[in-house]
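Residues per chain are reported as follows:
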Amino acid sequence: MVQIPKQSASSPSVQPAVPTSADVARLAGVSRATVSYVLNNTSAVRISEPTRRRVREAAEELGYVPHAAARSLRAGHSRTVLMPAPAVPVGPLYSQFLSDLQWALGRLDYTVVQYGTVGLTGDDAARAWAELRPVAVLVPGSGLGPQGVAVLKRSGARAVVTIGPASVDGAHALLMDHEEVGRAAGAHLHARGRRRVGVVVPAEPGLDAFSAPRLAGVRRALHGTGADVRELPLAYEEESAAGLAARWRGLGLDAVFAYNDEYAMLLMRALQDEGVRVPEDTAVIGADDLMLGRLLRPRLSTVHIELPSARDLAELVDRAVRDPGAAPETHKVLGATVIPRDST
């Protein structure tokens, strides 16, 4: 057995000294101010490229990194953009959007931090976010109110941006109309001659903020056409899909909008296992336009969702940080276009 030798009491371990900007300045042969200008990418001061290279090489050799808190004190604010972690399951489409947004903000020299606030919602969560003193907060979904916006701004947040179905006083807003997703799906099914339409509503908690408007959109598209719309609760589990498929023929439905592609693929597989032909017996359409839907047989019809541009949102954050007194901006986003394929 290998034993870890005990540290001798007479020879305590010595922690190496943390390198400072003064150490970098001495090694590079420049002033501490020059080190600060170079490592903070300050463009207001003209510094030659050879000098910049010497400073960067000295910092790398010493293992020096700028102190974020000290940089925040000099600037009067941090460069941290806080994104509360979604409290509900998010699919690949939204995950890719978050990744693109982090990249776009990083190019503007912001540090993106995802923060989970388990058990806290709305304005209570805003107080927890404020403790981190972010320069900006991007809030997905609903729940944040004007009081929470005020708490964040008093803590130093220069920009609060909500991404959801409604705007909030004092915050910039990206309005996402999920009803349009359902309307597009319903109109497509009606155009294909379907008159008895089921709409999958996920049983998972928290998704009603998206599923309820999508259901309303299908109903709006089919209102006055004589078509019937039936709500279909479904958990994202094989057993739940199999149970719904076993009852399918008794429901008398000839089409289904399955909330998104993931639920559509789950249900379509269960329907096929029960001998229900797609699209001959039942047309199936999802949403999100995921690659996997194109690989199914039959290929899955879907609603392609155009999320807001990550670069545009990053630039909105940057404008708000630079000019915190500007009036809040409101932008309607989330385009919805049907991609018809074999399943309808």
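Provided above is the structure to which this section pertains.
Fair warning: this is a prediction, and the values are worked out from it, not measured in the lab. (Residues numbered from 1 in each chain as written. Predicted model: local features only at pLDDT ≥ 70, side-chain atom pairs only at ≥ 80, totals over all residues. Heavy atoms only, no water.)

Asker: What is the right way to look at unusual backbone geometry in this model?
Answerer: Glycine aside, a negative phi is what most residues show, and trans is what most peptide bonds show. Going from Val278 to Pro279, the amide bond is cis rather than trans, its omega being 10°. Along the chain, Pro279 turns up in the loop between helix H12 (261-273) and strand S9 (283-287). Its identity is not glycine, yet Asp109 carries a phi of approximately 70°, on the positive side. In this structure, Asp109 sits in the loop between helix H5 (92-107) and strand S2 (111-115). Even without being a glycine, Arg133 presents a positive backbone phi close to 55°. Along the polypeptide, Arg133 turns up in the loop between helix H6 (122-130) and strand S3 (136-140). Judged by relative accessible area, which is 48%, Arg133 ranks as partly exposed. (Helix = DSSP H or I, 4+ residues; strand = E, 2+ residues; numbered from the N terminus. Buried < 20%, exposed > 50% of the residue type's maximum accessible area, 1.4 Å probe, protein only.)

Asker: Before we go on, may I ask you to explain the side chain of Arg214 in this structure?
Answerer: Following the sequence through the fold, Arg214 ends up in helix H9 (residues 208-222). Among buried charged residues, Arg214 stands out as having no salt bridge; its nearest opposite-charge side chain is Asp288, 4.5 Å away. Once residues within four sequence positions are removed from consideration, Arg214 is found in contact with His178, Glu179, Val181, Gly182, Phe257, Tyr259, Asn260, Ala287 and Ile305. (Lys, Arg positive; Asp, Glu negative; His and termini not counted. Salt bridge = Lys/Arg side-chain N within 4 Å of Asp/Glu carboxyl O. Contact = heavy atoms within 4.5 Å.)

Asker: What's the story with the packing of H6 against helix H7 (residues 146-154) in this structure? I'm lost.
Answerer: Describing two packed helices takes the angle between their axes plus the distance from one axis to the other. Packing of H6 against H7 brings their axes to within 8 Å, and their N-to-C directions diverge by 10°. With respect to H7, the axis of H6 lies roughly parallel. Here Asp123, Ala126, Arg127, Trp129 and Ala130 of H6 lie close against H7, whose contacting residues are Gln147, Gly148, Val151 and Leu152. Of the residues in the contact of H6 with H7, the class split is five nonpolar, two polar and two charged. (Axes fitted to C-alpha atoms, helices over the stretch in contact; angles between N-to-C directions. Parallel < 35°, antiparallel > 145°, perpendicular 65-115°, else oblique. Nonpolar A, V, L, I, M, F, W, Y, C, P; charged D, E, K, R; others polar.)

Asker: I keep staring at the side chain of Asp289 and nothing clicks. Help me out?
Answerer: Locating Asp289 in the fold gives a position in the loop between S9 and helix H13 (291-295). By relative accessible area, which is 13% here, Asp289 ends up buried. Of the polar contacts made by the side chain of Asp289, one reaches the side chain of Arg341; its length is 3.0 Å. With sequence-adjacent residues up to four places away left out, Asp289 is seen in contact with Asp261, Arg294, Thr302, Val303, His304, Ile339 and Arg341. (Polar contact = N/O pair within 3.5 Å; in protein donor to acceptor, adjacent residues only side chain to side chain.)

Asker: Honestly, the packing of aromatic side chains in this entry has me stumped. Any pointers?
Answerer: Note on aromatic pairs: each is described by the distance of the centres and the angle between the planes. All chains considered together, the criterion is met by two aromatic pairs. Measuring from ring centre to ring centre gives 5.6 Å for Tyr259 and Tyr263, while their planes differ by 85°; the resulting arrangement is edge-to-face. According to the relative accessible area criterion, Tyr259 is buried, its value standing at 6%. Residue class for Tyr263 comes out buried when judged on its relative accessible area of 6%. An aromatic cluster is built from Tyr236, Tyr259 and Tyr263, whose rings are joined through pairwise contacts. (Phe/Tyr/Trp six-rings, centres within 6.5 Å; stacked < 30°, edge-to-face > 60°.)

Asker: Would you take a moment to explain the environment of Gln272 for this structure?
Answerer: Tracing the sequence through the fold places Gln272 in helix H12. A relative accessible area of 23% means that Gln272 is categorised as partly exposed. Sequence spacing of Gln272 and Ala245 is 27 residues, and the spatial spacing of their C-alpha atoms is 8.6 Å. From its side chain, Gln272 meets the backbone oxygen of Arg297 in a polar contact 3.5 Å long.

Asker: Explanation requested: helix H2 (residues 32-39) in the structure shown.
Answerer: The α-helix advances 3.6 residues per turn, and as a result positions three or four apart in sequence lie on the same side. The set of residues buried in H2 consists of Thr34, Val35 and Val38. The buried residues of H2 occupy one face: seen down the axis, they fall within an arc of 105°. Each element contacted by the buried residues of H2 is listed here: helix H1 (21-28) and helix H3 (49-62). (Arc of directions from axis to C-beta.)

Asker: Whenever I open this one, the environment of Val161 confuses me. Can you help?
Answerer: Take Val161: it is sitting in strand S4 (residues 159-164). Overall, Val161 belongs to the buried group, its relative accessible area being 0%. Considered as a pair, Val161 and Pro140 are 21 residues apart in the sequence and their alpha carbons are 8.6 Å apart.

Asker: Explain the pattern of salt bridges to me, please; I cannot follow it from the model alone.
Answerer: Side chains that carry opposite charge are capable of pairing whenever their charged atoms lie near each other. Across all of its chains, the model carries 14 salt bridges by this definition. One salt bridge in this structure joins Arg220 and Glu180, with 3.8 Å as the shortest N-O distance. Here Arg220, found in helix H9, pairs with Glu180, found in helix H8 (residues 178-191); they are 40 residues apart in sequence, far enough to count as distant. Assessed through its relative accessible area of 42%, Arg220 is described here as partly exposed. Given a relative accessible area of 21%, Glu180 falls into the partly exposed group. The partner of Arg341 in a salt bridge is Asp289, with the nearest N and O atoms 3.0 Å apart. Taken together, the positions of Arg341 in the segment after strand S12 (335-339) and Asp289 in the loop between S9 and H13 put the pair 52 residues apart, joining distant regions of the chain. Asp289 shares its class with Arg341; the two are buried.

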